[in-house]
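Working through the structure, step by step
Given next are the chains, with one letter for each unit.
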Amino acid sequence: MVKHKNNFDFLRFMLAIFVLITHSFALKGMEENQEWLTILTNNQVSFSAIGLSGFFTISGYFIYKSLMRSDTIKDYFKKRILRIFPGLLVVLILSLIIIPFLYEGREPLLSNVSYLTYLPNNLSLYGFQGIVTGVFYEMPYHSVNGSLWTIQYEFSLYVALIALFFLKSYKKLQLILSILVFVFMIVLYNFNLGNIYERQVLQILGFHLLNLGAFFVAGTVLAQVNFDKWKHSVVFLISGLLVVLGIYLGFYKEVKHVLFPICILSLGFVPIKLLQKFSIYGDASYGIYIYGFPIQQILLYYFNPEIGDFIIYSIVISIIMGYTSWHLVEKRALQYK
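Criteria and thresholds
- Residues numbered from 1 in each chain as written.
- Predicted model: local features only at pLDDT ≥ 70, side-chain atom pairs only at ≥ 80, totals over all residues.
- Heavy atoms only, no water.
- Axes fitted to C-alpha atoms, helices over the stretch in contact; angles between N-to-C directions.
- Helix = DSSP H or I, 4+ residues; strand = E, 2+ residues; numbered from the N terminus.
- Parallel < 35°, antiparallel > 145°, perpendicular 65-115°, else oblique.
- Left-handed = near helix turned anticlockwise from the far one by under 90°.
- Contact = heavy atoms within 4.5 Å.
- Nonpolar A, V, L, I, M, F, W, Y, C, P; charged D, E, K, R; others polar.
- Salt bridge = Lys/Arg side-chain N within 4 Å of Asp/Glu carboxyl O.
- Buried < 20%, exposed > 50% of the residue type's maximum accessible area, 1.4 Å probe, protein only.
- Expected span 1.5 Å × (residues − 1).
- Bend = angle between axes of the 7 residues up to and from the residue.

Here we take up the packing of helix α8 (residues 206–224) against helix α10 (residues 252–269). Axis separation between α8 and α10 bottoms out at 9 Å; the angle between their running directions is 50 degrees. One way to sum up the angle between α8 and α10 is to call them oblique. Between α8 and α10 lies a crossing of right-handed hand. Two secondary-structure elements touch here, α8 through Leu-210, Asn-211, Ala-214, Phe-215, Ala-218, Gly-219 and Leu-222 and α10 through Lys-256, His-257, Phe-260, Pro-261, Ile-262 and Leu-265. Of the residues belonging to the contact of α8 with α10, the class tally is nine nonpolar, three polar and one charged.

Next up, the structure:
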């Protein structure tokens with residue numbers, strides 16, 4: 001039975017795979033401009049950029065919908081916590097179990113402070129810790145799980161979105177406020193006013209907050225204008241062509257926060273029966289995302305395959321772990337909503 005009459009489970013799945021592709025090049029120690037899509041777009045777009053932009057746009061759209069369906073803020077946060085933390089906790093615990101087999105430090109592992117702080121720091125979201133001293137220290141990237149840095153940004157946006165909860169009865173005011181925030185963010189992003197790129201609070205860096213946050217807010221704006229009722233095939237065709245034109249003419253950065261959210265959300269709603277049926281297998285995207293990085297590091301540590309083989313092996317294993325995480329952890333946790 002088809003769970004959703006849209007393509008978003010498939011899109012999230014592909015976006016997670018895109019992140020893995022970019023990470024494959026980086027973790028091999030290759031330059032960013034050697035990635036295929038980066039070469040094709042003259043350093044304007046990477047697979048991971050599409051992946052993260054898509055994740056935050058889709059999240060902004062559906063999290064706003066979830067907020068408006070919630071009776072209380074407590075109800076809203078319960079749903080968000082059940083979606084993020086069970087899967088995160090399990091991947092962190094499994095990492096702690098596997099680290100002893102990878103450890104090459106001089107001091108005993110249980111005396112290694114970074115090993116002891118790895119779980120609590122990352123579970124707190126705002127104490128992101130990628131490195132455990134003595135693990136992967138001879139590899140291009142020393143991080144055990146470098147993908148987890150984005151979760152603190154997403155959760156922060158969940159928190160900021162609460163402001164709209166108090167305006168439930170004032171839809172026009174909600175929309176005006178959201179548009180103003182969106183415009184403010186893309187102006188700051190495009191002009192780096194006040195050198196905001198480098199400003200940091202609780203490991204939240206200004207550049208990433210503006211970039212990813214603008215995609216998230218764009219998703220919430222489109223949710224408020226009933227985007228699900230638009231003519232999505234036409235909208236996707238037009239927005240897709242404009243995205244390609246922006247890349248071709250070299251000004252994609254200036255227009256991406258407007259055009260890309262429209263393009264990716266319209267693609268999600270275009271009626272494609274084959275993609276709509278993809279949801280019957282579950283949502284493996286979060287699992288693929290949080291397991292992909294450590295899987296890739298372990299593959300490099302033991303086998304160091306060539307880039308083509310590396311991408312294929314890491315995608316296959318990450319997909320297996322993604323569905324395992326969904327069916328054994330995430331799906332069961334969500335039953336408590």
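A separate point is the environment of Asp-228. Checked against the element boundaries, Asp-228 lands in the loop between α8 and α9 (232–249). Residues Asp-228 and Ser-70 lie 158 residues apart in sequence; the distance between their C-alpha atoms is 20 Å. Once residues lying within four places of it in the same chain are set aside, the contact partners of Asp-228 are Tyr-61, Lys-65 and Phe-269.

It is worth spelling out the pattern of salt bridges at this point. Under the counting rule described, the total for this entry stands at six salt bridges. Among the salt bridges present, the one from Asp-283 reaches Arg-12, with a minimum N-O distance of 3.5 Å. Highlighted residues: Asp-283 in the loop between α11 (273–276) and α12 (285–302) and Arg-12 in helix α1 (residues 8–27), separated in sequence by 271 residues. Of the two residues examined, Asp-283 and Arg-12, each falls in the buried class. The salt bridge partner of Lys-79 is Asp-75, with a shortest N-O separation of 3.9 Å. Of the two residues, Lys-79 and Asp-75 are both situated in helix α4 (residues 73–98); the distance of four residues between them amounts to about one turn of the helix. The class of Lys-79 is buried, set by a relative accessible area of 12%.

So, on to α8. Helix length check: α8, at 19 residues, gives a terminal C-alpha distance of 26 Å against a target of 27 Å (1.5 Å per residue), a fit within 8%. By the largest-angle criterion, Gly-213 marks the main kink of α8, which is about 25 degrees. Of the residues trailing α8, Asn-226 is marked for its positive phi of about 55 degrees.

By themselves, these figures tell us nothing about what the structure is for.
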